[in-house]
Amino acid sequence: METTSFYEQVYAVVRLIPRGMVMSYSGVARQCGYPGRARAVGYALHATPPTGRIPWWRVINAQGRLSIPNNEISSLQHDKLIAEGVQVGEDLRVNMRIYDGEMIVYEKIRLKRKT
DNA sequence: CCAATGACCGTAA
DNA sequence: GTTACGGCCATTG
């Protein structure tokens, strides 16, 4: 499996997502320095080792939906997010207006969080 | 090397 | 607001 710099980058960025926040695949790709490789990010996360060290559940698609086709895993992600205080709709939807951590700028996030 | 696959995105209707 | 298409690109067979 080697370093696979791309994987490393992706994991590093995902690990930086604060608790109670979410980020889109494209956002992760951009933070990695690879804009436009959102799809590859998705692939990388799919290959994420179950070490539990990587908060993969905080990564969702740009439409605020949980893009995991597998029902079991998607429900798991749903529970994880709920446990962190992220409000997920019944249709597996998240309000990106509030929980978007695109820039990983904590102050900005806090500003957005009001009520 | 080529073809198929996929936890996606942006734009258009 | 939503659905449908084409285009990304890394990984696997």
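Our structure's up above, just so we're on the same page.
Residues numbered from 1 in each chain as written. Chains lettered and ligands numbered in written order. Predicted model: local features only at pLDDT ≥ 70, side-chain atom pairs only at ≥ 80, totals over all residues. Heavy atoms only, no water.

Attention now goes to the overall build of chain A. Helices and strands together make up the secondary structure of chain A, namely 6 helices and 2 strands. In sequence order, chain A lays out its α and β elements as α-β-α-α-β-α-α-α. Within chain A, the fraction of its 115 residues that count as buried is 39%. Here the analysis covers contacts within chain A between residues at least 6 apart in sequence; of these, 59% occur between residues at least 24 apart. Accessible surface for chain A amounts to roughly 7400 Å². Of this, 53% is attributable to carbon and sulfur atoms. (Helix = DSSP H or I, 4+ residues; strand = E, 2+ residues; numbered from the N terminus. Buried < 20%, exposed > 50% of the residue type's maximum accessible area, 1.4 Å probe, protein only. Contact = heavy atoms within 4.5 Å. Areas by Shrake-Rupley, 256 points an atom, 1.4 Å probe, with all protein chains shown as cover.)

Looking now at the protein's contact with DNA strand C. Taken together, 7 residues surround DNA strand C, and among them Tyr-7, Arg-39, Ala-40, Tyr-43 and Arg-93 come closest. Take Arg-39: an N or O atom from its side chain is 2.8 Å from a base nitrogen of DNA strand C. Note that a phosphate oxygen of DNA strand C is positioned 2.5 Å from one of the side-chain N or O atoms of Arg-93. The biggest single contributor to the surface near DNA strand C is helix H3 (residues 38–46), with 3 residues. Residue composition of the surface near DNA strand C, grouped by class: 3 nonpolar, 1 polar and 3 charged. (Near = heavy atom within 4 Å. Polar contact = N/O pair within 3.5 Å; in protein donor to acceptor, adjacent residues only side chain to side chain. Nonpolar A, V, L, I, M, F, W, Y, C, P; charged D, E, K, R; others polar.)

Our next topic: the pattern of salt bridges. Taken as a whole and assessed by the stated rule, the structure comprises 2 salt bridges. Note that Arg-58 is salt-bridged to Glu-84, the shortest N-O span being 2.8 Å. Here the residue Arg-58 occupies a position in the loop between H3 and strand E2 (59–60), and Glu-84 occupies one in the loop between helix H4 (71–83) and helix H5 (96–99), the gap between them amounting to 26 residues. Residue Arg-65 is joined to Asp-91 by a salt bridge in which the shortest nitrogen-to-oxygen separation is 3.8 Å. One end of the pair, Arg-65, is in the loop between E2 and H4; the other, Asp-91, is in the loop between H4 and H5, with 26 residues separating them in the sequence. (Salt bridge = Lys/Arg side-chain N within 4 Å of Asp/Glu carboxyl O.)

Moving on, we come to the protein's contact with DNA strand B. Around DNA strand B lies a shell of 14 residues, among which Arg-39, Trp-56, Asn-61, Ala-62 and Ser-67 are the nearest. Within 4 Å of the protein, the contacting atoms of DNA strand B are drawn from sugar and phosphate to the extent of 44%. Contacts to DNA strand B include Ala-62, whose backbone N or O atom sits 2.9 Å from a phosphate oxygen. Interatomic distance of 2.9 Å between a side-chain N/O atom of Ser-67 and a phosphate oxygen of DNA strand B. Of all the elements in the fold, those that place two or more residues in the surface near DNA strand B are helix H2 (25–32) and H3. Element by element, the count of residues in the surface near DNA strand B is highest for H3, at 5 residues. Along the lines of polarity and charge, the residues of the surface near DNA strand B split into 7 nonpolar, 6 polar and 1 charged.

Within the sequence span of helix H1 (residues 5–15), burial applies to Phe-6, Val-10, Tyr-11, Val-13 and Val-14. Within H1, the buried residues cover an arc of 165 degrees as seen down the axis, which keeps them to one side. (Arc of directions from axis to C-beta.)

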